[in-house]
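Coordinate analysis (summary)
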Amino acid sequence: MAQTYDVIIIGSGPNGLAIAAYLSKAGQKVLLLEKRFEAGGGLATEQVTIPDFYHNTHAVYMMMVDYAPVYKDFGFEERGVTHIYPELQVAMPLADGRALSIYRDVEPTCASIAKFSKKDADSYRDMQRHYDELMKNILGPQTYVPMDAAPLMAAKAEMTELGRALSEYTEKSPEEIVCERFENEHVRTLMLYMACHWGLDYAQSGVSYMVPIYLNRMANYRLTKGGSHRVSNVLLKSTFEQGGQIRTSAQIKHIIVENGAAKGVELEDGTRFMANKAVVSTIDTHQTFLKYVGEDKLDREFVDMIKIWQWEKWSLCVLHLAMSEPPRFKAADSQPDLNTAFIHVLGYETLAALKAHWDAMSEGEIPVGAGYNCCFPSVHDPYQAPPGRASGLISQMAPFELKDGGSSRWLNHTYREEVAERQIALLQRYAPNITRDKVLWTYLTTPADIQNKFANMVNGSYKQGAYHPLQMGYLRPNQDCSQYRTPVKNLYLGGASVAPGGMVLFGPGYNCANAIAEDFGIEKWWTEPEYITAAKENGYV
Amino acid sequence: MGKDERFDIVIIGAGPNGMTTAAYLAKCGLSVCVLEERTECGGACETQEPIPGVRILPHAMLMYASPAPGFEQLELHKHGFRMTWHPDYAGMENVAALACTDGWRPISMQDKMGWAKLGGMLGAPPFTKELMRAAFWCPPHPPEVEVTDDNVPYMQVYKQRQPDMYTHELREMTMLDLLDEHCETEHWKAAMAFAAWASGAAGHWEGVAIPATLCVQLLTLPNTGQNSIPRGGLHGYFHAIHRAAVSKGAVVRTCCPVDEILIEDGRAVGVRLRETAAMGGRTIWANKAVIAAVDVHQAFLKMVGRRHLDPGFIQKIKDISLKNQTLYVSVFHTKTQLRLKPKWDREDRVLGPNRQPFLGVYPCDSREIYYENCADVDGRKGQPTVPPERAMWFQAPPQSFDPTDCQANYPPARGFISQAYEMAVTSPDYHKEGEDALDKYKPQMDAYMRQSYGQMLDGLEDDNLIHHWSATGRDIEFRNTGLIGGTWCGSRHDEDQLWTNRPIKELARYRTPIDGLYHAHQTSGHPGGLCLMAIPYNLMHILIEDGIAEPGDWWYASPWYIPQSGKISAKRG
């Protein structure tokens with residue numbers, strides 16, 4: 001017995017939720033299917049340590065709250081879901097007691113950088129002014145419109161000064177960009193880390209247009225009040241209010257394809273759901289095409305293109321902590337507001353140490369004493385821990401395949417304890433009050449755990465695939481699918497493996513919803529944000 | 001701060017009772033706002049991931065609710081409710097044996113036939129659903145009606161459908177008396193009495209024989225197939241209820257603790273949120289009713305100002321007896337899978353390629369062991385003195401056969417996560433060494449648990465144990481403020497706190513001394529806890545009586561319901 005919907009969406013991460021919310025409010029009968037027991041995907045807040053300590057087990061730093069249309073379109077504020085935007089965004093305390101600080105505002109940041117290099121302080125001011133322009137006019141709007149083919153994009157870029165400036169970045173590697181702009185060792189270290197830690201190869205050119213994005217967003221990180229899961233709550237509620245359906249604990253068996261068109265979805269238990277209009281997959285291309293559509297239904301060439309998809313070179317090993325008190329950094333002695341930073345970057349005393357971390361990962365190792373970033377959400381949002389206590393996370397770049405033992409070594413309890421102890425020890429070096437007894441409980445998520453929990457995050461790829469030049473922009477995941485339609489009629493892609501990519505951007509979801517609305521003549525209740533209209537008028541996108 | 005808002009109904013607490021009530025009232029076309037202090041709804045219907053990808057059920061873990069009218073009235077199947085059937089699903093007829101100290105002792109034919117008879121399965125035609133619904137899904141009678149054999153619902157059902165069983169003594173005997181009459185083996189009786197005790201109405205308490213029996217029957221019904229559980233665990237079940245509510249327009253707000261129930265002229269008119277709530281300090285007005293789906297203590301001692309209640313009532317609230325065990329939960333992370341010791345190792349007691357043991361209660365040898373355990377927990381009220389060989393415990397159903405649980409695909413390098421193991425211990429509120437005693441003794445308690453479970457299982461030795469997670473009653477209450485005293489089933493289900501006296505006369509029909517304020521929680525009226533969707537169903541009758549809810553054709557009242565005089569009847573058609 002089948003049930004019929006207009007649109008069936010696979011995967012209830014931020015993108016799937018966005019598509020469900022947009023289309024259900026447009027009057028479409030929507031079904032959202034989720035394999036796990038909880039919707040939200042990476043927008044997860046869970047009590048994984050001790051009762052009453054809340055941990056954002058995946059997405060923590062929200063970097064596009066000021067750009068993504070979903071927040072206004074669904075009235076997040078009116079629904080009581082707000083974001084905290086700490087004054088001091090990123091701090092890098094050093095062993096000698098100094099600290100480099102990035103604030104929301106440029107001037108205090110310049111003041112901090114000036115303690116290391118006056119020239120770099122001026123350079124930073126100049127950089128953010130320039131990057132603000134790039135972000136507002138090109139990079140921001142580009143996230144929420146479909147990607148142009150490379151020649152067209154290059155042509156557009158040639159026509160404007162800003163466009164031409166941006167193109168220059170593509171020729172350089174992140175390391176070159178950072179080192180050209182900054183002279184001081186510590187400034188270079190922090191800037192390179194913030195530019196690349198989300199998945200860029202520091203020595204590779206080709207996707208360095210991401211550097212202005214990440215360095216601009218570095219002063220724009222926000223924390224969801226009440227935990228990241230609240231963001232998914234809003235989209236879920238809106239979908240329900242508009243009559244949409246969500247099924248969790250629903251394991252798909254295959255996408256029903258007949259005569260080259262997607263007709264619906266069948267679950268493992270035999271339930272069939274038919275889609276009058278579209279089936280959308282927000283999970284990775286391997287599951288979508290190789291497993292659920294089936295190679296026999298696809299062209300040989302297309303299948304080959306899918307198979308050469310690259311997973312990410314490294315993932316994250318994150319330790320969640322329930323603590324009896326928040327950290328008090330030694331460097332706060334010279335800079336009192338240091339304890340209020342949103343993110344602390346620890347352990348990279350030199351540029352070489354940072355690069356060594358990346359280099360080691362390609363050999364399947366993490367250097368001893370490797371650094372990381374950490375965050376203590378309860379300092380900013382008291383909700384996330386009991387009064388007086390603290391919740392925290394330590395997020396360290398880590399390879400999926402370990403040199404000794406492969407990825408299963410991540411599951412070995414002795415190794416896990418070692419990793420956790422090392423990370424806590426590093427924290428204690430910078431924040432001496434965090435002796436081991438202050439850590440009440442820990443919960444570790446390793447690259448292997450990420451893969452196990454989210455089947456689309458193969459090798460722990462939390463962006464569903466590498467940010468490699470040959471699979472970004474118009475080529476993400478490939479030129480047949482980057483505009484959200486696929487070779488299978490009525491089958492759409494709307495997740496992180498399609499342009500513009502991963503993280504909590506809502507870019508793929510928004511663009512995919514637009515594409516479906518256009519293809520099926522569905523009237524859009526949502527209007528294009530002004531900054532995008534302006535960018536189009538100015539010829540930037 | 002912020003705009004005040006107005007709804008027809010404001011419900012405090014988004015646990016199973018709050019949410020089911022919201023689903024019913026939203027389906028009546030009322031505007032409903034549910035306020036939950038935690039970041040996640042579900043209350044005791046929770047799933048946890050002690051290690052990424054592997055889920056356990058730390059609280060509600062058994063499907064007691066199968067006869068509930070809510071499944072069809074709220075159309076939960078349309079909102080994704082599914083069961084994950086145990087792969088060796090079998091009805092009662094295939095449950096062969098119980099675990100005792102000397103091995104598995106078989107259940108006799110008389111045990112099964114007697115049990116089936118008690119549960120209405122041998123009627124011509126069988127009347128199980130009618131019997132269960134009569135016992136749990138019917139509001140207590142109005143205060144002006146004297147409760148007699150002729151109007152106690154389950155009595156009427158037995159009288160009409162199985163007259164040879166009917167006797168006034170059914171209302172006075174203990175469950176063990178009943179089992180002595182109808183069943184045969186000692187181990188069967190001990191196991192059932194223990195299951196009843198753990199569920200809320202103990203097997204040796206007078207006057208609750210039928211409620212105790214039928215409560216355990218809910219677990220052994222053919223349609224729960226060897227303790228199968230909903231797809232996604234009890235939280236998955238909750239999701240369907242949540243969807244049913246929200247799809248009809250209910251507004252659910254998390255991170256919104258309520259500080260005060262606002263009362264004007266003796267009538268509840270709304271609630272005020274705490275300053276730190278996500279919607280900070282806002283007032284939410286209720287046109288028709290406020291429903292407190294939180295525990296009696298919070299509702300009446302904190303949220304309703306003292307000046308609105310008379311001191312006698314307040315004292316009665318404080319005196320409501322929770323005196324009931326709480327469950328101490330353990331989950332084990334071990335290097336190799338826990339194994340049944342040779343005495344109990346059988347193919348039909350292990351599941352899946354990893355041979356995960358599943359058993360029920362241990363040890364079931366005799367009622368003397370059962371009494372010994374009850375006396376220690378409910379009577380002595382201190383640290384356990386029952387030797388580990390005789391401590392009774394049970395195991396939650398395994399979930400590893402749920403295809404949406406990642407456990408099955410996890411390689412052995414990670415080790416094995418067990419399902420929850422539980423033992424009854426003294427509630428913190430009654431521990432003679434004080435409330436914090438259990439937490440102080442946690443390492444000793446953990447060791448005691450491992451010794452007890454280790455009677456039947458290999459693999460809990462230090463060299464195989466990676467971690468032992470445990471939760472005391474206080475931990476459970478800390479996480480979920482509604483589970484006061486760590487009680488899992490609401491206040492004591494004994495003769496004094498039953499039916500029209502539950503939890504006290506004034507609250508028995510879910511109304512409270514404040515007009516427009518109702519109470520719907522396991523610590524409130526009949527039938528108590530266990531995620532039955534019963535209190536909301538029963539409350540609906542009362543809300544119809546009071547002119548608050550007007551459901552459509554989908555509603556039907558309990559056939560045993562007696563309308564209160566002067567009120568609108570909840571019967572339809």
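The structure presented is a predicted model; accordingly, all values stated were derived computationally and were not measured.

A few words on empty space enclosed by the protein. All names here are of chain A. Counting across every chain of the model gives 13 cavities of 30 Å³ or more. By volume, the second largest cavity is sized at about 840 Å³. Lining the second largest cavity are 46 residues, with Gly 41, Gly 42, Asn 456, Met 457 and Tyr 462 positioned closest to its centre. The set of elements that each furnish at least two residues to the lining of the second largest cavity consists of helix H1 (14–25), helix H11 (285–294), strand E13 (315–323), strand E16 (390–398) and helix H16 (447–453). Broken down by class, the residue content of the lining of the second largest cavity amounts to 22 nonpolar, 20 polar and 4 charged.

Residues and elements named next belong to chain A. With respect to the secondary-structure elements, Thr 189 resides in helix H8 (residues 185–196). Judged by relative accessible area, Thr 189 falls into the buried class, the value being 1%. If near-sequence neighbours (up to four positions away) are discounted, Thr 189 is found in contact with Met 92, Tyr 348, Thr 350, Leu 351 and Leu 354.

Counting from both sides, the interface comprises 48 residues of chain B and, opposite them, 43 residues of chain A. Together chain B and chain A conceal approximately 4,000 Å² of surface at their shared face, both sides included; 52% is due to carbon and sulfur atoms. When residues of chain B are sorted by the area they lose upon contact with chain A, B:Thr39, B:Glu49 and B:Pro52 head the list and together hold 15% of the total. If you look at where chain B meets chain A, you find 2 salt bridges. Linking chain B with chain A are 12 residue pairs in polar contact (both at pLDDT 80 or more), by the criterion used here.

Moving on, we come to the sheet that holds E16(A). All names here are of chain A. Overall, mixed pairing links the 7 strands, which are arranged E7-E6-E14-E15-E16-E13-E17 in an open sheet. Strands with a single pairing partner mark the edges of an open sheet, and in this sheet they are strand E7 (99–103) and strand E17 (439–445). Across the sheet, the axes of successive neighbouring strands diverge by a mean angle of 20 degrees, strand direction being ignored. In terms of strand pairing, E13 meets E17 through 6 bridges, oriented antiparallel. Within E17, the position partnered with Leu 321 by the bridge is Thr 442.

Further remarks concern the packing of helix H10 (residues 296–303) of chain B against helix H11 (residues 311–319) of chain B. Residues and elements named next belong to chain B. In the contact formed by H10 and H11, the axes pass within 10 Å of each other and the chain directions differ by 150 degrees. Taken together, the axes of H10 and H11 lie roughly antiparallel to each other. Two packed elements cross with a definite hand, and for H10 against H11 that hand is left-handed. Touching Val 296, His 297, Phe 300 and Leu 301 of H10 are Phe 313, Ile 314, Ile 317 and Lys 318, all from H11.

Residues and elements named next belong to chain B. Mapped onto the fold, His 493 is located in the loop between helix H15 (473–479) and strand E23 (517–519). Residue class for His 493 comes out buried when judged on its relative accessible area of 10%. As a C-alpha pair, His 493 and Arg 572 span 79 residues in sequence and 31 Å in three-dimensional space. In this view, His 493 contacts Gly 200, Ala 201, Trp 205, Val 208, Arg 502, Pro 527, Gly 528 and Gly 529; residues no more than four positions away in its chain are not counted. Among the polar contacts made by the side chain of His 493, one reaches the main-chain carbonyl oxygen of Pro 527 at a distance of 2.9 Å.

With that settled, consider the confidence of the model for chain B. On average, residues of chain B score 90 in pLDDT, and 96% of them reach the 70 mark or higher. What the predictor reports for the complex is a pTM of 0.84 with an ipTM of 0.72.

Let us now look at the nonpolar core. Counting 290 residues, the largest nonpolar core has A:Tyr124, A:Met191, B:Val32, B:Leu76 and B:Tyr237 as the members making the most contacts within it. Examining the composition of this core, we find that 9 residues originate from one element, helix H7 (residues 186–199) of chain B, more than from any other. Excluding its chain neighbours within four sequence positions, the residues that come into contact with B:Val32 are B:Phe7, B:Ile9, B:Ile11, B:Ala22, B:Leu25, B:Ala26, B:Gly249, B:Ala250 and B:Val251.

A cluster of nonpolar side chains, contributed by B:Met109, B:Met113 and B:Leu122, occupies part of the molecular surface with about 290 Å² of accessible area. Positionally, B:Met113 belongs in helix H3 (residues 109–118).

At the junction of A:Arg476 and A:Pro477, the peptide bond is cis and its omega measures out at 0 degrees in the coordinates. Structurally, the position occupied by A:Pro477 is in the loop between H16 and strand E18 (491–493). In this structure, the amide linkage connecting B:Tyr362 to the following residue, B:Pro363, adopts the cis form with an omega of -15 degrees. With respect to the element layout, B:Pro363 can be found in the loop between strand E17 (361–362) and helix H12 (367–380). A positive phi is found at A:Ser249, a non-glycine position, where the angle reads about 50 degrees. For A:Ser249, the position within the fold is in the loop between strand E9 (245–247) and strand E10 (252–258). By relative accessible area, A:Ser249 is classed as buried at 5%.

As a further point, take a negative patch on the surface. On the surface, a cluster of negative charge is made up of B:Glu169, B:Glu172, B:Asp177, B:Glu181, B:Glu206, B:Glu495 and B:Asp496. Relative to the assigned elements, B:Glu181 resides in helix H6 (residues 175–182).

With that settled, the discussion passes to the packing of aromatic side chains. The description of an aromatic ring pair rests on the distance of the ring centres and on the angle between the ring planes. Residue and element names in this part refer to chain A. Per the stated rule, a full pass over the model turns up 43 aromatic pairs over all chains. Ring centres of Tyr 22 and Trp 525 lie 5.5 Å apart, and the angle between their planes is 20 degrees; this geometry places the pair in the stacked category. Linking Tyr 22 in helix H1 with Trp 525 in the loop between helix H17 (507–519) and helix H18 (530–537), this pair joins segments that are 503 residues apart in sequence. With 5.5 Å between their ring centres and 75 degrees between their planes, Trp 525 and Trp 526 make a pair best called edge-to-face. With relative accessibility at 26%, the residue Trp 525 sits in the partly exposed group. Members of the aromatic cluster, joined through ring pairs, are Tyr 22, Phe 74, Tyr 144, Tyr 510, Trp 525 and Trp 526.

All names here are of chain A. The first and last C-alpha atoms of H1 sit 16 Å apart over 12 residues, in line with the 16 Å expected at 1.5 Å per residue. Counting buried residues in H1 gives 11 out of 12 residues, a clear majority hidden from the surface. Inspection of H1 places Pro 14, Asn 15, Gly 16, Leu 17, Ala 18, Ile 19, Ala 20, Ala 21, Tyr 22, Leu 23 and Ser 24 among the buried residues, and these make up the whole buried set. Among the residues trailing H1, Gly 27 stands out with phi positive, at a value near 90 degrees.

Looking now at the state of the cysteines. Summed over all chains, the structure comprises 0 disulfides over all chains. With no disulfide of its own, A:Cys374 lies closest to A:Cys375 among cysteine sulfurs, the gap being 7.9 Å. Since its relative accessible area comes to 0%, A:Cys374 is described here as buried. Summary of cysteine pairing: B:Cys531 is not part of a disulfide, and the nearest cysteine sulfur, belonging to B:Cys45, is at 3.6 Å. For B:Cys531, a relative accessible area of 17% corresponds to the buried category.

Quick notes on the rules
Residues numbered from 1 in each chain as written. Chains lettered and ligands numbered in written order. Predicted model: local features only at pLDDT ≥ 70, side-chain atom pairs only at ≥ 80, totals over all residues. Heavy atoms only, no water. 1 Å grid on protein atoms, 1.4 Å probe; cavity = no way out; pocket = protein on both sides within 12 Å on 5 of 7 lines; lining within 4 Å. Points joined across faces, edges and corners; volume = space filled by probe spheres on them. Helix = DSSP H or I, 4+ residues; strand = E, 2+ residues; numbered from the N terminus. Nonpolar A, V, L, I, M, F, W, Y, C, P; charged D, E, K, R; others polar. Buried < 20%, exposed > 50% of the residue type's maximum accessible area, 1.4 Å probe, protein only. Contact = heavy atoms within 4.5 Å. Buried area = accessible area lost by both parts, 1.4 Å probe. Salt bridge = Lys/Arg side-chain N within 4 Å of Asp/Glu carboxyl O. Polar contact = N/O pair within 3.5 Å; in protein donor to acceptor, adjacent residues only side chain to side chain. Pairing = 2+ DSSP bridges. Axes fitted to C-alpha atoms, helices over the stretch in contact; angles between N-to-C directions. Parallel < 35°, antiparallel > 145°, perpendicular 65-115°, else oblique. Left-handed = near helix turned anticlockwise from the far one by under 90°. pLDDT = per-residue confidence, 0-100. Core = buried A, V, L, I, M, F, W, Y, C linked by side-chain atoms within 4.5 Å. Patch = residues over 30% accessible without salt bridge, like charges linked within 9 Å, V, L, I, M, F, W, Y side chains within 5 Å. Areas by Shrake-Rupley, 256 points an atom, 1.4 Å probe, with all protein chains shown as cover. Lys, Arg positive; Asp, Glu negative; His and termini not counted. Charge placed at Lys NZ, Arg CZ, Asp CG, Glu CD. Phe/Tyr/Trp six-rings, centres within 6.5 Å; stacked < 30°, edge-to-face > 60°. Expected span 1.5 Å × (residues − 1). Disulfide = S-S within 2.5 Å.

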